[in-house]
Amino acid sequence: MKYPDIPIGFSRAKTREVSEKLIKDFAELSEDRNPLHLDEEYAQKTIFGRRIAHGMLTASFISALLAENFPGGVYLSQTLNWLRPVRIGDEITTSFLVTEKNDAKKILHLSTEWKNQKNEILLNGVAIIKLCE
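Let me sum up the structure you'll find in this document. (Residues numbered from 1 in each chain as written. Predicted model: local features only at pLDDT ≥ 70, side-chain atom pairs only at ≥ 80, totals over all residues. Heavy atoms only, no water.)

**Some details on the side chain of Arg 51**
Within the secondary structure, Arg 51 sits in the loop between α3 (40-44) and α4 (55-69). Judged by relative accessible area, which is 10%, Arg 51 ranks as buried. Within polar-contact distance, the side chain of Arg 51 engages the side chain of Glu 20 at 3.1 Å. Among the polar contacts made by the side chain of Arg 51, one reaches the main-chain carbonyl oxygen of His 37 at a distance of 2.7 Å. Not counting residues up to four positions away in its chain, the partners in contact with Arg 51 are Glu 20, Ile 23, Leu 36, His 37, Leu 38, Asp 39, Glu 40, Ala 43, Arg 87 and Ile 88. (Helix = DSSP H or I, 4+ residues; strand = E, 2+ residues; numbered from the N terminus. Buried < 20%, exposed > 50% of the residue type's maximum accessible area, 1.4 Å probe, protein only. Polar contact = N/O pair within 3.5 Å; in protein donor to acceptor, adjacent residues only side chain to side chain. Contact = heavy atoms within 4.5 Å.)

Now the structure itself:
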């Protein structure tokens, strides 16, 4: 989609399951081997009571959604507010909403949000991207 064709209010969403394999692959790729994500016995003794997904794994879902909708777009910034943990088996719906445009610079401000299958908000924030068409 070309910049002039993107209206304020434009939104998209994508759903993805957080699987055991995804968590293990992310741990390997990122080298984040926190036992909270990988060791059930350890995680049971924490405030979460069981293993949870990496926060940055969940946050990374927005990158794929933006790339699908704004090919060639470049991240300028992203704020992230973690509100609830993500658990193995959760179905995460990641979404964005265009809230502001800077026509002179082809910059979009996006409200970003992640919800689980219970429609609970897990994570939210604001992304700023520049379109390079």
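**Some details on the nonpolar core**
Ranked by internal contacts, the top residues of the largest apolar core, which has 27 residues, are Phe 70, Phe 96, Val 98, Leu 108 and Leu 110. Of all elements in the fold, only α1 (20-30), α4, β4 (91-102), β5 (107-115) and β6 (121-130) reach the threshold of two or more residues within this core. Per element, the largest residue contribution to this core is 6 residues, and it comes from α4. (Core = buried A, V, L, I, M, F, W, Y, C linked by side-chain atoms within 4.5 Å.)

**Thoughts on α1**
Buried within α1 we find Leu 22, Ile 23, Phe 26 and Ala 27. Looking down the long axis of α1, one finds its buried residues gathered within 135° of arc, a one-sided arrangement. Seen from the open side of α1, the exposed residues pointing more than 90 degrees away from its buried face are Lys 21, Glu 28 and Leu 29. Where the residues of α1 are buried, they touch β1 (11-17), α2 (35-38) and α4. Where α1 terminates, the next one or two residues include Glu 31, which has phi positive at roughly 65°. (Arc of directions from axis to C-beta.)

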